[in-house]
Amino acid sequence: MEQASVNEKRSVAALGYSIYLLEQGITFSHTPPYLISGALTGPESWLIHLSIVSQQFDSYIRPILDFLKSEGLPLAIPADAVQHNSILGGTGGFQFTGKVISVRVSRTNDLTRITEKMRDLTRHCRFWSHAALLFTLPYATYVILMYGVQLATVIPESLRDPRETILTVKPHSIFWTLDALGFICMGSSTFLAAFALEKSDRKACRLHGFLLANGLPISTRVFPP
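Criteria and thresholds
- Residues numbered from 1 in each chain as written.
- Predicted model: local features only at pLDDT ≥ 70, side-chain atom pairs only at ≥ 80, totals over all residues.
- Heavy atoms only, no water.
- Axes fitted to C-alpha atoms, helices over the stretch in contact; angles between N-to-C directions.
- Helix = DSSP H or I, 4+ residues; strand = E, 2+ residues; numbered from the N terminus.
- Parallel < 35°, antiparallel > 145°, perpendicular 65-115°, else oblique.
- Left-handed = near helix turned anticlockwise from the far one by under 90°.
- Contact = heavy atoms within 4.5 Å.
- Nonpolar A, V, L, I, M, F, W, Y, C, P; charged D, E, K, R; others polar.
- Polar contact = N/O pair within 3.5 Å; in protein donor to acceptor, adjacent residues only side chain to side chain.
- Core = buried A, V, L, I, M, F, W, Y, C linked by side-chain atoms within 4.5 Å.
- Buried < 20%, exposed > 50% of the residue type's maximum accessible area, 1.4 Å probe, protein only.
- Pairing = 2+ DSSP bridges.
- Arc of directions from axis to C-beta.

A.B. asks: Just give me the short version of the packing of helix α7 (residues 174-194) against helix α8 (residues 202-215), but keep the residues and values in it.
C.D. replies: Two numbers describe how α7 lies on α8: the axes approach to 7 Å, and their chain directions differ by 150°. Between α7 and α8, the angle falls in the class roughly antiparallel. Here α7 and α8 pass one another in a crossing that is left-handed. Judged by residue contacts, G187, T190, F191, A193 and A194 of α7 engage H208, L211, L212, N214 and G215 from α8. When grouped by side-chain class, the residues that make up the contact of α7 with α8 number five nonpolar, five polar and no charged.

Structure (structure tokens):
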């Protein structure tokens, strides 16, 4: 089983993401940065875009392609992992950013059904990633407030008058607490994000462990006894 997995990874590395289309018997053309099956443009049609990180792609692409093939829908996927990361990172051009998988739906009556099916196929990924995202919002709020006030007001003022004020950061002060809450939200976000990753290979397992290690001890680091 392990040897078969190794061979499969070598095939993906050699053929790029075309191996997934070839497995399904889907014909395609190469238009960088995508492999395209069918026509993605047309009158009165809709485009559905999915964003999936490269560590999750192998786990989700096969059931997605199986469904799209059964529906006969035009689609586009990245040519390989390099193009995949370029699309996610925005280095391939703004018009491609985040659009890892694109699907064209020509009939409006089918749009809701197909969208819901795509949501079902990626439900596990979305639950944990959305939970992680929820903690990034208060993290950003706490940290921007904390360091914005300190850098713009407290530090410049302390150079003129070193006396402590209510804005000064010291144990159990207001801004000390805001800073700690920011790091707790950061740790919670990375901890939850770990479960959004499929442990499909050693690299994914290492990333999973790194996120857990970052998130678990966060409260003991920011609230010392």
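A.B. asks: I'd like a description of the side chain of R104, backed by residues and values.
C.D. replies: Examined against the element boundaries, R104 turns out to sit in strand β5 (residues 101-105). Side-chain polar atoms of R104 contact the backbone oxygen of T41, separated by 3.4 Å. When near neighbours in sequence (up to four residues on either side) are disregarded, R104 contacts A39, L40, T41, G42, P43, S45, W46, L47, L73 and P74.

A.B. asks: Before we move on, can you summarise the side chain of S37 with the specific residues and values?
C.D. replies: Tracing the chain through its elements places S37 in strand β2 (residues 34-37). In terms of polar contacts, S37 uses its side chain to reach the backbone carbonyl oxygen of T27, at 2.9 Å. Ignoring sequence-local partners within four residues, the contact set of S37 consists of I26, T27, F28, P74 and L75.

A.B. asks: Please provide a residue-by-residue account of the nonpolar core, values included.
C.D. replies: Counting 31 residues, the largest nonpolar core has F57, I64, L68, I77, I101 and M118 as its most contacted members. Taken together, the elements giving at least two residues each to this core come down to α2 (18-24), β2, β3 (46-50), α3 (54-71), β4 (75-78), β5 and α5 (108-121). Ranked by residues supplied to this core, first place goes to α3 with seven residues. The residues contacting I77, other than those within four sequence positions of it, are Y17, L21, P33, Y34, L35, F57, I61, V100 and I101. Within the second largest apolar cluster, five residues are counted, among which are M146, V149, V154 and F175.

A.B. asks: Can you tell me about the sheet that holds strand β1 (residues 29-31), naming the residues and giving the values?
C.D. replies: Taken together, five strands build an open sheet; the order of strands is β1-β2-β4-β5-β3 and the sheet is antiparallel. Here the strands that pair on one side only, and so sit at the sheet edges, are β1 and β3. Averaged over all neighbouring strand pairs, the angle between strand axes comes to 20°, with direction disregarded. Contacts between α5 and the sheet are confined to β3 and β5, with β3 contributing the most and set at about 5° to the helix.

A.B. asks: Explain the packing of α3 against α5 to me, and be specific about the residues and the numbers.
C.D. replies: Two elements in contact, α3 and α5, have axes separated by 10 Å at closest approach and are oriented at 160°. The angle between α3 and α5 falls in the class roughly antiparallel. The two elements α3 and α5 meet at a crossing, and its hand is right-handed. Together, Y60, P63, I64, F67, L68 and E71 of α3 and R113, I114, K117, M118 and L121 of α5 make up the contact between the two elements. When the residues that make up the contact of α3 with α5 are grouped by side-chain class, the tally is eight nonpolar, no polar and three charged.

A.B. asks: So what's going on with helix α4 (residues 81-89)? Residues and values would help.
C.D. replies: A turn of α-helix holds 3.6 residues, and therefore any two residues three or four places apart point the same way. Of all the residues in α4, the buried ones are H84, S86 and I87. Down the axis of α4, the buried set is contained in an arc of 165°. They therefore lie on one face. Exposed residues pointing more than 90 degrees away from the buried face of α4 are listed as V82 and G89. Its side-chain oxygen 3.1 Å from the backbone nitrogen of V82, D80 forms the N-cap of α4.

A.B. asks: Kindly report on unusual backbone geometry, identifying the contributing residues and their values.
C.D. replies: Following P32, the chain continues into P33 via a peptide bond in cis, with omega recorded as 5°. Positive phi, close to 50°, is recorded for E44, a residue that is not glycine. With respect to the helices and strands, E44 occurs in the loop between β2 and β3. Non-glycine residue H172 carries a positive phi angle of around 70°. Taking the relative accessible area as the measure of exposure, H172 reaches 65% and is therefore exposed.

A.B. asks: Hey, could you go over the pairing of β4 for me, with residue numbers and the actual values?
C.D. replies: In this structure, β2 lies alongside β4, joined through four bridges in antiparallel fashion. Residue pairing across strands places L35 opposite I77, the latter belonging to β4. Sheet topology note: the β4/β5 ladder contains two bridges and is antiparallel. Bridge pairing in β5 places L75 opposite V103.

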